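# Report on the structure
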Amino acid sequence: MNKSKAQAESHFDILIVGGGMVGATLACLIAENTALKIAVVEAAPLLTETQTVRPFSPSYDSRSTALARGTIQIFEQLGLWDQISQRAEPIHKIHVSELGQFGFTRIDREQEGVSELGCVVENAWLGQVLCRRLLKYPSIQLFSPASLQSLQWNGDQAHWNAELGIAAAQPKSVDGQSIQSIKSKKSISATLLVAADGVNSTCCRLLNIEHQVESYQQAAIVANITPLRGHEQIAYERFTPDGPMALLPLTGNRMALVLTVKETELDQILQLSDEAFLKLVDDRIGGRLKGFSQVGQRAHYPLRLVRVCEQVRPQCVVVGNAAHSLHPIAGQGFNLSARDVAMLAYKIQQASDKNESIASVSLLNDYVESRQLDQHATIQFSDKLMKVFGSTLPGLPLARNLAMLGMDLWPQGKQLLTRQAMGLSAGLPFRE
Ligand SMILES: Cc1cc2nc3c(=O)[nH]c(=O)nc-3n(C[C@H](O)[C@H](O)[C@H](O)COP(=O)(O)OP(=O)(O)OC[C@H]3O[C@@H](n4cnc5c(N)ncnc54)[C@H](O)[C@@H]3O)c2cc1C
């Protein structure tokens, strides 16, 4: 192959670093609506040796995501919802309460006039559906397992040069971390760089893009558990002095537990026997589900509010957890990012249709401006919810209870809250 042909083959319009839920959703949205050439680089082994997607089996050890209505609409637009919904459990009601207090609020699909308030799906299944779709687009080249090693700006050609370390695909180890060794290196170039590589973004580190970090001094313990009573498609949000807890309905009468604990108590709670752990969850939910019979593997995540200081730079944009990572209690992180990338893909499509630059400063600034309001509102919603319910200041528990009771009796206020939680407060680009 001659040199210029090889260069053309390794040049992409867009390089997306990180094929997690956000990077993969963005790649699908762009590939669905344009002919732009896209490289997706993902460090985890998404594929088997024979380049097929790793098989999925429902388990008790995986993380789940509550998808808001707005996100479901994005997947419907991509024609992926039929597949995702095969293993998604609808949320019919949300029950918000505080341990030891009288107030609570209920959000009901019937009152909201929708078939469901959202759906809960295991990340492993969502990842599989997205990965299978990525492989179907001829305009997408998926490098997995491969990781970004270095980045260089080529001013003459106005593009990024990236070096990738291509790893040997290995199955995941017991603790969920993949074991990899670099087999070879590959150089590629791209006009637009998208950093979708998560909260410890390599792209941001290589480009000296900083983050503001605020620790909640809490950790989330995640596990799948089975209640003795049927979950009846109810999602529970429970606030306790030790931190909030969410129980989300999953398929097969399992529930996805997100238990927030103080950092100082994490080790002790992780070491509890299954029986003692389920008793703790039962106590925190006030016996509402009549106890629990089974718990899967417990995983844990540090809880921080992380915000990137610059979302865009010339020919570069930061999305997903690399841009903002929120407290998971309100289930907003992925939903917010899905709306971000829907807007970014729309702006890129508009430019591509008009044969304009897909990486211009004006396009990227336009994108950030159009997302500012929703990002601000969603980050504040998650953060304040956490801080108001986390506070033990005298008088606050009573005020919270009255507020919850009031919310239950004040339909307009509750509707505002529900629209925010359902991801419908901000318009989606394709619905304009
Ligand atoms: C306990 C918990 C519960 C949550 N529940 C919800 C919920 O119910 N609803 C909701 O909306 N959100 C929820 N979230 C938030 C949601 O999980 C995140 O917003 C979402 O996972 C972010 O996806 P991402 O693709 O940006 O990042 P990640 O999922 O971190 O993906 C980044 C990807 O980049 C890859 N990568 C990293 N470095 C490199 C490199 N150098 N080269 C190549 N690839 C690289 C990684 O392998 C990874 O696959 C929850 C979060 C937590 C912690």
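Residues numbered from 1 in each chain as written. Predicted model: local features only at pLDDT ≥ 70, side-chain atom pairs only at ≥ 80, totals over all residues. Heavy atoms only, no water.

The sheet built from three strands is open, its strands ordered β3-β7-β4 with antiparallel pairing. Because the sheet does not close on itself, it has two edges, and the strands there are β3 (64–68) and β4 (88–91). In this sheet, neighbouring strand axes are inclined to one another by 25° on average, regardless of whether the strands run parallel or antiparallel. As judged from the four bridges shared by β4 and strand β7 (residues 118–122), these two strands associate in the antiparallel manner. (Pairing = 2+ DSSP bridges. Helix = DSSP H or I, 4+ residues; strand = E, 2+ residues; numbered from the N terminus. Axes fitted to C-alpha atoms, helices over the stretch in contact; angles between N-to-C directions.)

All right, on to the pairing of strand β12 (residues 211–227) then. Bridge analysis of β12 against strand β17 (residues 299–308) gives 10 bridges, and the strand direction is antiparallel. Pairing of Ala 219 across the sheet is with Pro 302, part of β17. Relative to strand β15 (residues 255–262), β12 runs antiparallel, the two sharing eight bridges. Opposite Val 222, over in β15, you have Val 258 as the bridge partner. Pairing analysis gives three bridges linking β12 to strand β16 (residues 292–295), with the strands arranged antiparallel. Bridging from a neighbouring strand, Ile 225 pairs with Val 295 of β16.

Around the ligand sit 30 residues, and of these Glu 42, Ala 66, Asn 321, Phe 334 and Asn 335 come closest. Contact distances for the ligand include 2.8 Å between an oxygen atom and a backbone N or O atom of Ala 66. Considering the ligand on its own, with 1000 Å² of exposed area, one finds that the protein chains cover 85% of that surface. For the shell around the ligand, the elements supplying multiple residues, two or more each, are α2 (21–33), β3, β9 (146–154) and α10 (333–353). Of the residues contributing to the shell around the ligand, the split by class is 14 nonpolar, 13 polar and three charged. Counting residues domain by domain, the shell around the ligand receives three or more from each of domain 1 (3–57 + 125–211 + 304–378) and domain 2 (64–122 + 217–302). (Near = heavy atom within 4 Å. Polar contact = N/O pair within 3.5 Å; in protein donor to acceptor, adjacent residues only side chain to side chain. Areas by Shrake-Rupley, 256 points an atom, 1.4 Å probe, with all protein chains shown as cover. Nonpolar A, V, L, I, M, F, W, Y, C, P; charged D, E, K, R; others polar. Domains from an automatic or database assignment.)

The nonpolar side chains of a soluble globular protein tend to be buried, and buried together. Ile 14 and Phe 75 are the most contacted members of the largest nonpolar core, which has 56 residues in total. Ignoring any residue separated from it by four or fewer positions in sequence, one finds Ile 14 in contact with Ile 30, Leu 36, Lys 37, Ile 38, Ala 39, Ala 190, Leu 192, Val 194, Ile 348 and Ile 358. Listed in part, the 25 residues of the second largest apolar core include Phe 143, Leu 148, Cys 204 and Cys 316. (Core = buried A, V, L, I, M, F, W, Y, C linked by side-chain atoms within 4.5 Å. Buried < 20%, exposed > 50% of the residue type's maximum accessible area, 1.4 Å probe, protein only. Contact = heavy atoms within 4.5 Å.)

Moving on, we come to the side chain of Ser 325. Within the secondary structure layout, Ser 325 lies in strand β20 (residues 324–325). Under the relative-accessibility criterion, Ser 325 is labelled buried at 12%. Residue contacts for Ser 325: discarding those within four places in its chain leaves Val 199, Arg 304, Leu 305 and Val 306.

On to the packing of α2 against α10. Contact pair α2 / α10: the axes reach a minimum separation of 9 Å and the direction vectors enclose 30°. Viewed along their axes, α2 and α10 adopt a mutual orientation that is roughly parallel. The handedness of the crossing between α2 and α10 is right-handed. Seen from α2, the contacting residues are Met 21, Val 22, Thr 25, Leu 26, Leu 29, Ile 30 and Asn 33; seen from α10, they are Phe 334, Ser 337, Val 341, Ala 342, Leu 344, Ala 345, Ile 348 and Gln 349. Partitioning the contact of α2 with α10 into residue classes produces 11 nonpolar, four polar and no charged. (Parallel < 35°, antiparallel > 145°, perpendicular 65-115°, else oblique. Left-handed = near helix turned anticlockwise from the far one by under 90°.)

The next thing to look at is the packing of aromatic side chains. As enumerated under the stated definition, the model contains three aromatic pairs in all. Taking the centre distance of 6.4 Å and the plane angle of 15° together, the rings of Phe 75 and Phe 334 count as stacked. Linking Phe 75 in helix α3 (residues 69–77) with Phe 334 in helix α10, this pair joins segments that are 259 residues apart in sequence. An identical accessibility class is assigned to Phe 75 and Phe 334; each is buried. An angle of 65° between the planes, with centres 5.0 Å apart, marks the rings of Trp 153 and Trp 160 as edge-to-face. The exposure class of Trp 153 is partly exposed, given its relative accessible area of 41%. Over the aromatic face of Trp 125 sits the side chain of Arg 87, whose NZ or CZ is 4.4 Å from the ring centroid. Directly above the aromatic system of Phe 277 lies the positively charged group of Arg 298, at a separation of 4.3 Å from the ring centroid. (Phe/Tyr/Trp six-rings, centres within 6.5 Å; stacked < 30°, edge-to-face > 60°. Lys NZ or Arg CZ within 6 Å of the ring centre and 35° of its normal.)

So, on to helix α9 (residues 274–284). Within α9, the full set of buried residues consists of Phe 277, Leu 278, Leu 280, Val 281, Asp 282 and Arg 284. Each element contacted by the buried residues of α9 is listed here: β12, β13 (234–239), β14 (245–249), β15, α8 (266–270) and β16. Just beyond α9, the residue with positive phi is Gly 286, at close to 70°.

This paragraph deals with the confidence of the model for the protein. Looking at the protein as a whole, its pLDDT mean stands at 86, while 81% of the residues score no less than 70. Scored below 50 in pLDDT, residues 171–179 makes nine contacts in the model with residues more than four places away or belonging to other chains. (pLDDT = per-residue confidence, 0-100.)

Quick look at the side chain of Arg 254 now. Here Arg 254 is to be found in the loop between β14 and β15. For Arg 254, the side chain forms a polar contact with the side chain of Glu 122, separated by 2.7 Å. Of the polar contacts made by the side chain of Arg 254, one reaches the side chain of Thr 251; its length is 3.0 Å.

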